[in-house]
Amino acid sequence: PGERLSIGFQIFIAESKEAAMQQAGQYYEENMKMFGGLRLVRALSDEQIVAMRDPKLAVNAKLPRIEDAVAAGGFLAGTPGEIIDRLKAVEKRYPGLNRVSCGMALGTPLNVALDQLEIFAKEVMPAFKPLA
């Protein structure tokens, strides 16, 4: 009783999934560099974390890309309709889900973040009912 089930995603909305990944990719990579060394990116091995610190090694470290994060489901990229579809699928899979947190990679410029939040508020949020 009183417990809340919550899940979080990083998101980026654009005119297509490919455009969203291309635009968000640079922010995703910077976010990974920032948090990888702190061991907060579970997809990174110890060897990859060490390699990230050296540009010569990083090239061959097979670091996760935004495409990998989107394929794994932790990063939602696409049109407002595609974001709604993914979130509706999560809602259906986890019927006890009370809250979804959506944010952007740290390092996303303020003007881009504000544009993303406006699109999310106007085009994605209306597809979901508020909690009673």
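Coordinates for the structure precede this section.
In this text the structure is predicted, and so the values were computed from the model without any measurement.

Under the counting rule described, the total for this entry stands at 2 aromatic pairs. Note on phenylalanine 12 and tyrosine 27: the rings are 6.4 Å apart at their centroids and 35° apart in plane angle, and the pair reads as tilted. Of the two residues, phenylalanine 12 sits in strand β1 (residues 5-13) while tyrosine 27 sits in helix α1 (residues 17-36), which places them 15 residues apart along the sequence. The burial state of phenylalanine 12 is the same as that of tyrosine 27; both residues are buried. With a centroid separation of 5.9 Å and 85° between ring planes, the pair formed by tyrosine 28 and phenylalanine 75 is classed as edge-to-face. Of this pair, tyrosine 28 sits in helix α1 while phenylalanine 75 is found in strand β2 (residues 75-78), placing the two residues 47 residues apart along the sequence. With respect to burial, tyrosine 28 and phenylalanine 75 carry one shared label: buried. If you follow lysine 88 out to its NZ or CZ, it ends over the ring of phenylalanine 128, 4.5 Å from the centre.

Under the counting rule described, the total for this entry stands at 4 salt bridges. Glutamate 67 is the partner of arginine 65 in a salt bridge, and the nearest nitrogen-oxygen pair spans 3.5 Å. The class of glutamate 67 is partly exposed, set by a relative accessible area of 34%. Arginine 65 is the salt-bridge partner of aspartate 68, the closest N and O atoms lying 3.7 Å from each other. For aspartate 68, a relative accessible area of 35% puts it in the partly exposed group. By sharing partners, the salt bridges in this structure join Arg65, Glu67 and Asp68 into a single network.

Mapped onto the elements of the fold, glutamine 48 is located in helix α2 (residues 46-52). Assessed through its relative accessible area of 13%, glutamine 48 is described here as buried. In this structure glutamine 48 touches Ala43, Ala61, Lys62, Leu63 and Pro64, once residues within four positions along its chain are discounted.

Moving on to the sheet that holds strand β3 (residues 97-103). Within the open sheet, the 3 strands sit side by side as β2-β1-β3. Their pairing is parallel. Where the open sheet ends on each side, the last strands, each with one partner, are β2 and β3. In this sheet, adjacent strand axes meet at a mean angle of 35° when their direction is disregarded. Looking at chain direction, β1 and β3 are connected through 6 bridges and run parallel. From the neighbouring strand, leucine 5 faces β3, where its bridge partner is leucine 97. Running at roughly 145° to β2, helix α5 (residues 80-93) makes contact with β1, β2 and β3 of the sheet. Packing against the sheet, helix α6 (residues 110-124) makes contact with β1 and β3, and its axis sits at approximately 115° to β1.

Each value, and the rule that gives it
- Residues numbered from 1 in each chain as written.
- Predicted model: local features only at pLDDT ≥ 70, side-chain atom pairs only at ≥ 80, totals over all residues.
- Heavy atoms only, no water.
- Phe/Tyr/Trp six-rings, centres within 6.5 Å; stacked < 30°, edge-to-face > 60°.
- Helix = DSSP H or I, 4+ residues; strand = E, 2+ residues; numbered from the N terminus.
- Buried < 20%, exposed > 50% of the residue type's maximum accessible area, 1.4 Å probe, protein only.
- Lys NZ or Arg CZ within 6 Å of the ring centre and 35° of its normal.
- Salt bridge = Lys/Arg side-chain N within 4 Å of Asp/Glu carboxyl O.
- Contact = heavy atoms within 4.5 Å.
- Pairing = 2+ DSSP bridges.
- Axes fitted to C-alpha atoms, helices over the stretch in contact; angles between N-to-C directions.

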